[in-house]
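Structural features, examined
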Amino acid sequence: KGIIIINGAKNNTTGEYTTVINATNYAVSNSGSTYIFGGKIEANNTVVNGNGYVYVGEDKNVNLDDDNYVASTELLSVNSNAIFVDRGSVRVDNGNIKSLNNTAIVAHSTITINGGSITGTRGVKNEEWCGWTYCAFDPIYVNGGTITGTQNEGVYLTGGDGYFNGGLIIGQTDGIRN
C-alpha cells in the first residue's frame, strides 16, 4: 500500500542491468504507486500488478556516475499481462514492455502512452471498471511510442474514448479497434 521505486541502468558494454527482478508469479504487486525508472523485470505471470498509479520511464534526476551505463527499462511477461492495473492509472514514457502470450498492458483506468515500445498478442487494452452504482470506461491516450499487437489489435478500446496524437500503432488484425 506504499510506494515502490525501482531504479536501474544497463551497462552498454556487457548488456547487464544493475537491477534484475525475476519471479514465477508477480514481479511487483502493489496497491500503492509503483515507479519503474530502469532495470530488467521478468515474470511468468504479470510483471506489475497494481491498484495504484504505475509509471514506467526515466528518472531525469538519477545521476549515473559511469558513462558506460544508460537508464534502461525492460519488462517481460511470459504468460500474462506485462502490466495490469485494476484501479489507478498507467503512464509509460519509455522502456520496452512485452508480453509473449498475452496483452502487454491492461487497465481498468486511464492509460497514457508517451513513448517506449509495447508489444503483446494485443498491445494495449482498457477494460470496464464498476463502482457501487455504475460502470464506466476510462480513456486511452497515445502521444508517442510504438504499440504492436502480434496476433490481435495494437490498441483495443473495449469502450470509452481513445485519443491518438502521435506514435506508431501496429496490429495483426486492426491497428485500433473500438
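Treat the numbers as computed from the prediction; the structure is a model and nothing was measured. (Residues numbered from 1 in each chain as written. Predicted model: local features only at pLDDT ≥ 70, side-chain atom pairs only at ≥ 80, totals over all residues. Heavy atoms only, no water.)

Looking at the sheet that holds strand 13 (residues 96-99)
The strand order across the open sheet formed by seven strands is 3-6-10-13-16-21-24, and the pairing between neighbours is parallel. Pairing within the sheet leaves two strands with one partner each, and these edge strands are strand 3 (20-23) and strand 24 (168-171). The average undirected angle you get between the axes of adjacent strands in this sheet is 5 degrees. Note: strand 6 (residues 39-43) against strand 10 (residues 73-77), five bridges, orientation parallel. Bridging across to strand 10, Ile-41 finds its partner in Leu-75. (Pairing = 2+ DSSP bridges. Helix = DSSP H or I, 4+ residues; strand = E, 2+ residues; numbered from the N terminus. Axes fitted to C-alpha atoms, helices over the stretch in contact; angles between N-to-C directions.)

Side note on the environment of Glu-153
Within the secondary structure, Glu-153 sits in the loop between strand 21 (146-149) and strand 22 (155-157). Residue class for Glu-153 comes out buried when judged on its relative accessible area of 3%. Between the C-alpha atom of Glu-153 and that of Val-47, which follows or precedes it by 106 residues, the distance is 21 Å. Other than its neighbours up to four places away in sequence, Glu-153 contacts Thr-121, Arg-122, Gly-123, Gly-171, Thr-173, Asp-174, Gly-175 and Arg-177. A distance of 3.1 Å separates the side chain of Glu-153 from the side chain of Arg-177, its partner in a polar contact. (Buried < 20%, exposed > 50% of the residue type's maximum accessible area, 1.4 Å probe, protein only. Contact = heavy atoms within 4.5 Å. Polar contact = N/O pair within 3.5 Å; in protein donor to acceptor, adjacent residues only side chain to side chain.)

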